[in-house]
Structure formats: structure tokens, C-alpha cells
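What follows is each chain in one-letter form.
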Amino acid sequence: MKPVVAIDGPAGSGKGTLARMIASHFSFVYLDTGLLYRTVAFLNAPLTELKDIRKLLDITAKLTEEQLRSPENSARASDIAKNPEVRDIMTHLQRDFIQLYNEKGVVLDGRDIGTVVVPDACCKLFVTADLKERAKRRFADLKNENTTFDEVYNNMKLRDAQDKSRKIAPLTCDKTYIVIDTTGQSVQESFKICREEVKKAFVNSGYGSFV
Ligand code: CDP
């Protein structure tokens, strides 16, 4: 079994970008678990159809960024993510993904990766930043003329509240996480900090050969 890196944090914190960079640096496989929730939200798929992680990944790959990341679908994803049945199925699918790639090493990012999906991951990062800065980054990413900054900001604020307050698998951080606050940092600065933290965690958990 190769190492698993769990990355959690709120929207726009930079966790996706950092997760991709960490995966690429260590030649691990990356799973954006938020995209899976977004796909389920977009399709409004019956839960009985969600049995195979490979199938779900294939469907996700066929949808566009706009379909998946629009403010409407973001709000829908946060909504369906409150449903305990959805969460249970998604947790199993994410664990199937880890099994599938356990010879390669896996980086997953989301909201409950280090608390529910893989609580024993050898490295857990909690990536965060100020709400205003996160909304600015998301607004710049969207490049959608039909969306205003205020819409993005309010949508994010609402999702933060929903993700943190839901009964099942809320977004939360405890002392098993290393907190990375990316406010005011460039991507390269944050990546450098994350990379060093991941290396330290690998060494501490007997995965020193990956450093
Ligand atoms: O990219 P961003 O951080 O805005 O969101 P995302 O990671 O794509 O996730 C979209 C929504 O799915 C979040 O607001 C969460 O409500 C939900 N989600 C979750 O509950 N658990 C996860 N592991 C990943 C996403």
C-alpha cells in the first residue's frame, strides 16, 4: 500500500490546485471528490446507479467545466452533499478509488477526506484562506460574464455555512491536520509549504522512501 494524502478545506482555498501539484510532484493519482458531488448534482442521478467509481469518473469526464462549476450547480452539490445516503455511497466509491490505485499513491481533496473517507491517511492537510480572497479567486476562474462578484461571494458564504454546519461529515479541522493558510500567498509559495509538510509526514509514517 502506498501513501494516501488527504486534503480538505473550503471552496476557493486553493486545495484543488495544491492537490494536483502534490500528486504530480510525487507521481501519485489525484481524485477531486468535489467533482463527483458536482456530477451527481448535475445529473440528479438515482442513487442506485452510483455503483462503480470508474463509471462515475467516465460520466464526469464528459461534462463541461461550465456545467459542473456554475454557481447553480455548486449550490446544488452542496445541497445534495447533506444527504446521508449520498454521502455513504460517495464514501464507498472514494475508498474503491484508493483500492484501485493503491499501488500508485493517491491524493484526494474534498471536505471530509481526512475525517471520514480516510481518517488514517498518513498526511492530512487543511487548506484555507479568507472568504473574500477565496471569492476573488473563484470569480477570476469562472470567466463567466453572467456571474457577478457578489453572487460568487454570497454563494461561497452560503456553501461554507452549509458545509460546516451539516450533521453528517461537516467540514472541520482537528489536530490531526496540518493547517495551510494560503491568504496572501502565491501558488508557488503555498506549494512549497505543502510539499515540505507532505515530506515530513511521509518520513514520520515510514514512507521516507517517497521523499
Ligand atoms: O471547488 P470547490 O471547493 O468550490 O467545491 P468542490 O470541492 O468541487 O465541492 C462542491 C461541493 O460538494 C461542496 O460545497 C461540498 O458541499 C460538497 N463536497 C462534500 O460535501 N464532500 C466532499 N468530499 C467534496 C465536496
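A. View of the packing of helix α1 (residues 15–26) against helix α10 (residues 187–204). Look at α1 against α10: their axes get within 10 Å of each other, and the N-to-C directions meet at 55°. In terms of orientation, α1 lies oblique with respect to α10. The hand of the α1/α10 crossing is right-handed. Across from T17, L18, M21, I22, H25 and F26 in α1, the residues of α10 making contact are V187, Q188, S190, F191, C194, R195, V198, K199 and F202. For the contact of α1 with α10, a count of residues per class yields 9 nonpolar, 4 polar and 2 charged.

B. Spatial organisation of the site of the ligand. Near the ligand, the surroundings consist of 18 residues, among which K15, R38, R87, R138 and D163 are the closest. About the coverage of the ligand: the protein hides 97% of its 520 Å² of free accessible area. Elements supplying a minimum of two residues to the shell around the ligand: α2 (33–43), α5 (71–80) and α9 (149–165). Considering each element in turn, the shell around the ligand owes the most residues, 4 residues, to α2.

C. Region of interest: the nonpolar core. The biggest cluster of nonpolar side chains holds 22 residues, and the ones touching the most others in it are L56, M90, L108 and V118. Secondary structure elements with two or more residues in this core: β1 (4–8), β2 (29–32), α2, α3 (53–62), α6 (84–100), β3 (106–110) and α7 (113–117). Per-element accounting of this core gives the leading share, 5 residues, to α6. Ranked by size, the runner-up nonpolar core spans 21 residues in total, among them V5, I22, I180 and F202.

D. Here's a closer look at α2. Here α2 lies mainly inside the structure; 8 of its 11 residues are buried. Put simply, D32 is the residue that caps the front of α2, since its side-chain oxygen is 3.1 Å from the backbone nitrogen of G34. Looking one or two places after α2, you find N44, whose phi comes out positive at around 55°.

How each quantity is defined
Residues numbered from 1 in each chain as written. Predicted model: local features only at pLDDT ≥ 70, side-chain atom pairs only at ≥ 80, totals over all residues. Heavy atoms only, no water. Axes fitted to C-alpha atoms, helices over the stretch in contact; angles between N-to-C directions. Helix = DSSP H or I, 4+ residues; strand = E, 2+ residues; numbered from the N terminus. Parallel < 35°, antiparallel > 145°, perpendicular 65-115°, else oblique. Left-handed = near helix turned anticlockwise from the far one by under 90°. Contact = heavy atoms within 4.5 Å. Nonpolar A, V, L, I, M, F, W, Y, C, P; charged D, E, K, R; others polar. Near = heavy atom within 4 Å. Areas by Shrake-Rupley, 256 points an atom, 1.4 Å probe, with all protein chains shown as cover. Core = buried A, V, L, I, M, F, W, Y, C linked by side-chain atoms within 4.5 Å. Buried < 20%, exposed > 50% of the residue type's maximum accessible area, 1.4 Å probe, protein only. Polar contact = N/O pair within 3.5 Å; in protein donor to acceptor, adjacent residues only side chain to side chain.

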